[in-house]
Amino acid sequence: MLIGEKINLRLMERSELNIVQEWENNSLFTGPYEPIQQSTLESQEKLYDERGDNEWFFITQKDGEPIGLVFINPKSGYINIGYAVVEDARGKGVCSEAVRMIVDYLFLRKNIVRIQASINPDNLASEKVLTKNGFTREGVLRQSFYSRGVYRDTVVFSILRDEWKGPYYNW
Ligand SMILES: CC(C)(COP(=O)(O)OP(=O)(O)OC[C@H]1O[C@@H](n2cnc3c(N)ncnc32)[C@H](O)[C@@H]1OP(=O)(O)O)[C@@H](O)C(=O)NCCC(=O)NCCS
């Protein structure tokens, strides 16, 4: 488990995928900027079993209650991250801390020089989470994903190892 100040991060167990399925089937959880999606427990289990080098973390309260997710998705030469927090826990700095922890974890644990996140340009909360954590806006992939009936742009952010301020956490 990775211990933070307000929250902890811990790897999700296969037996907990029902929590993810329930969250992701709820459009209030995925929010207005992400595609609407519906999945069965079976399809979540299949994704989990085929996750390869992907790592799925729960963001938890200090009492262990899951309140969000962070996904780590290694690509050729860099790592992509994604995240979401349950509605009740938003606006309290939860995701900002989760991303700070994940950046430390990835640069401390993996031989990588770049972490990337891709967002909907309207998702200002997500943009804030990234810029607060030292990510730079790099560019726009025009009409690159289909969501809620229209093609939308994706904005790519990244942080390079050289730009990382060094570990914040004393793990
Ligand atoms: C995006 C998301 C993960 C942010 O999580 P969170 O825990 O609420 O984020 P934090 O509280 O750490 O920080 C959010 C920051 O954005 C700001 N913010 C929130 N809503 C905002 C808005 N509409 N416009 C501008 N800034 C906004 C907050 O004030 C805060 O900044 P501050 O720390 O300077 O006050 C959460 O809103 C979420 O789960 N959304 C649905 C899923 C999603 O969109 N995931 C991201 C996909 S790229």
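Because the structure is a prediction, the values reported are computed rather than measured.

Topic: the site of the ligand
Not every one of the 22 residues close to the ligand is listed here, only the nearest: Gly91, Gly93, Ser96, Lys128 and Lys132. A distance of 3.3 Å separates an oxygen atom of the ligand from a polar side-chain atom of arginine 90. Measuring from an oxygen atom of the ligand, one finds a backbone N or O atom of cysteine 95 at 3.0 Å. In isolation the ligand has 960 Å² of accessible area, and contact with the protein removes 71% of it. Only helix 2 (27–30), strand 5 (78–85), helix 4 (94–109), strand 6 (114–119) and helix 5 (124–132) provide two or more residues apiece to the shell around the ligand. Broken down by element, the shell around the ligand gets its largest block of residues, 6 residues, from helix 5. Split into classes, the residues belonging to the shell around the ligand amount to 10 nonpolar, 7 polar and 5 charged.

Observations regarding the environment of aspartate 49
Along the chain, aspartate 49 falls in helix 3 (residues 41–49). Taking the C-alpha atoms as reference, aspartate 49 lies 8.5 Å from arginine 14; in sequence the two are 35 residues apart.

Observations regarding the nonpolar core
In this structure, Leu9 and Ile81 are the most contacted members of the largest nonpolar core, which totals 46 residues. Elements with a minimum of two residues in this core: helix 1 (17–24), strand 3 (55–60), strand 4 (66–75), strand 5, helix 4, strand 6, helix 5 and strand 8 (150–160). Element by element, the count of residues in this core is highest for helix 4, at 10 residues. Not counting residues up to four positions away in its chain, the partners in contact with leucine 9 are Met1, Leu2, Phe57, Phe58, Ile59, Val70, Ala98, Met101 and Ile102.

Brief notes about the pattern of salt bridges
Tallied over the entire structure, the rule returns 7 salt bridges. Residues arginine 10 and glutamate 16 are paired through a salt bridge, measuring 2.8 Å at the closest nitrogen-oxygen approach. Between lysine 46 and glutamate 50 there is a salt bridge, with its nearest N and O atoms 3.5 Å apart. As far as the burial class goes, lysine 46 and glutamate 50 line up, both exposed. Among the ionic contacts, a cluster of salt bridges with common partners joins Glu5, Glu97 and Arg100.

Thresholds, definitions, all that
- Residues numbered from 1 in each chain as written.
- Predicted model: local features only at pLDDT ≥ 70, side-chain atom pairs only at ≥ 80, totals over all residues.
- Heavy atoms only, no water.
- Near = heavy atom within 4 Å.
- Polar contact = N/O pair within 3.5 Å; in protein donor to acceptor, adjacent residues only side chain to side chain.
- Areas by Shrake-Rupley, 256 points an atom, 1.4 Å probe, with all protein chains shown as cover.
- Helix = DSSP H or I, 4+ residues; strand = E, 2+ residues; numbered from the N terminus.
- Nonpolar A, V, L, I, M, F, W, Y, C, P; charged D, E, K, R; others polar.
- Core = buried A, V, L, I, M, F, W, Y, C linked by side-chain atoms within 4.5 Å.
- Buried < 20%, exposed > 50% of the residue type's maximum accessible area, 1.4 Å probe, protein only.
- Contact = heavy atoms within 4.5 Å.
- Salt bridge = Lys/Arg side-chain N within 4 Å of Asp/Glu carboxyl O.

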